[in-house]
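Topology and contacts: notes
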Amino acid sequence: NIKKSDYLFGAYQVAKFWDRKAPIWICESEIDALTCWSRGGYAVAIGGSHISRIQLNILTQLGVRRVIDGLDKDEAGREGWKNFCTYVKGISTYNTKYPVNKKDINDLTDKEFFAIKIY
């Protein structure tokens, strides 16, 4: 049995198409990752709010050195991002602030997505 924490959605696409100068969005759901890709970003989905050691290892093997917070803006997503930032080594993390009161990347319009503050 394969668990969702055993794979990283989008890893193949990152390995094949990623411009290494660009950061990678870390998303909860596959649709959020696809939304980032459709808007010109590079993204992976962890299938929940907390990244697993296996998924983190895949990111490291891909050579990812910069990630952007694309996790949901709810309690679980905030806790997951906090844990990610606490335990990740060798990867720079960038927080995000949405221009509107929405919790999910996929809920943002194109205009709202491009107005996300990354810091």
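An account of the accompanying structure is given in this report. Not measured: the values here are computed from a predicted model. One numbering rule holds for all chains: residues counted from 1, following each sequence as written. Totals for whole chains, interfaces and linings use every residue, but because this is a predicted model, local features are given only for residues with pLDDT of at least 70 and side-chain atom pairs only at 80 or more, for both listing and counting. Each side-chain value is derived from all of the structure's non-hydrogen atoms; neither hydrogens nor water enter the calculation.

Examining the overall build of the chain
Where helices and strands are cited, they refer to DSSP runs of H or I of at least four residues and of E of at least two residues respectively, numbered from the N terminus. Within the chain, the secondary structure is distributed over five helices and six strands. Starting at the N terminus and walking to the C terminus, you meet the elements of the chain as α-β-α-β-α-β-α-β-β-α-β. In this treatment the radius of gyration is a C-alpha quantity, and the globule benchmark scales as 2.2 Å times the residue count to the 0.38 power. Relative to its length of 119 residues, the chain is compact, with a C-alpha radius of gyration of 13 Å against a globular reference of 14 Å. When the backbone C-alpha atoms are referred to their principal axes, the chain occupies close to 35 × 30 × 30 Å. Burial status follows relative accessibility: with a 1.4 Å probe on protein chains alone, a residue under 20% of its type maximum counts as buried, one over 50% as exposed, and anything between as partly exposed. Out of the 119 residues in the chain, the part that is buried amounts to 40%. Should any heavy atoms of two residues lie within 4.5 Å, those residues are counted as being in contact. Long-range contacts, defined here as pairs at least 24 residues apart, represent 61% of the contacts in the chain between residues at least 6 apart.

With respect to the environment of glycine 48
With respect to the helices and strands, the residue glycine 48 is situated in the loop between strand S2 (42–45) and helix H3 (53–62). Spatially, the C-alpha atoms of glycine 48 and isoleucine 31 are 12 Å apart, while their sequence positions differ by 17 residues.

Comments concerning the pairing of S2
In S2, alternate side chains face the same way, and those of Tyr42 and Val44 on one face and Ala43 and Ala45 on the other are all buried. When DSSP finds two or more bridges between two strands, those strands count as paired. As judged from the four bridges shared by strand S1 (residues 24–27) and S2, these two strands associate in the parallel manner. Note that in S2 the partner of isoleucine 26 across the bridge is valine 44. For the segment spanning S1, helix H2 (residues 30–38) and S2, crossover handedness is right-handed. Place the viewer so that the strands point away; then a crossover is right-handed whenever the path from the first strand over the helix to the second strand goes clockwise.

Focus on the environment of phenylalanine 84
Take phenylalanine 84: it is sitting in helix H4 (residues 75–87). Not counting chain neighbours up to four residues away, the residues in contact with phenylalanine 84 comprise Ile51, Leu56, Leu59, Val67 and Thr93.

Observations concerning the pairing of strand S3 (residues 66–70)
The buried fraction of S3 is high, at four of five residues. Direction of pairing for S1 relative to S3: parallel, over a ladder of four bridges. Bridge pairing in S3 places isoleucine 24 opposite valine 67. Here S3 pairs with strand S4 (residues 92–94) via three bridges, running parallel. Within S4, the position partnered with isoleucine 68 by the bridge is tyrosine 94. In terms of handedness, the path from S3 via H4 over to S4 forms a crossover that is right-handed.

A short note on the nonpolar core
Side-chain atoms within 4.5 Å are what join buried Ala, Val, Leu, Ile, Met, Phe, Trp, Tyr and Cys residues into a set we call a nonpolar core. Core analysis: the biggest nonpolar cluster contains 19 residues, and Trp18, Ile24, Ile26, Val44, Leu59, Val64 and Val67 have the highest contact counts within it. Elements with a contribution of two residues or more to this core: helix H1 (11–17), S1, S2, H3 and H4. If near-sequence neighbours (up to four positions away) are discounted, valine 64 is found in contact with Trp18, Ile24, Leu59 and Ile91. Counting residues in each nonpolar core, the second largest holds twelve residues, with Cys27, Ala43, Ile68 and Ile116 among its members.

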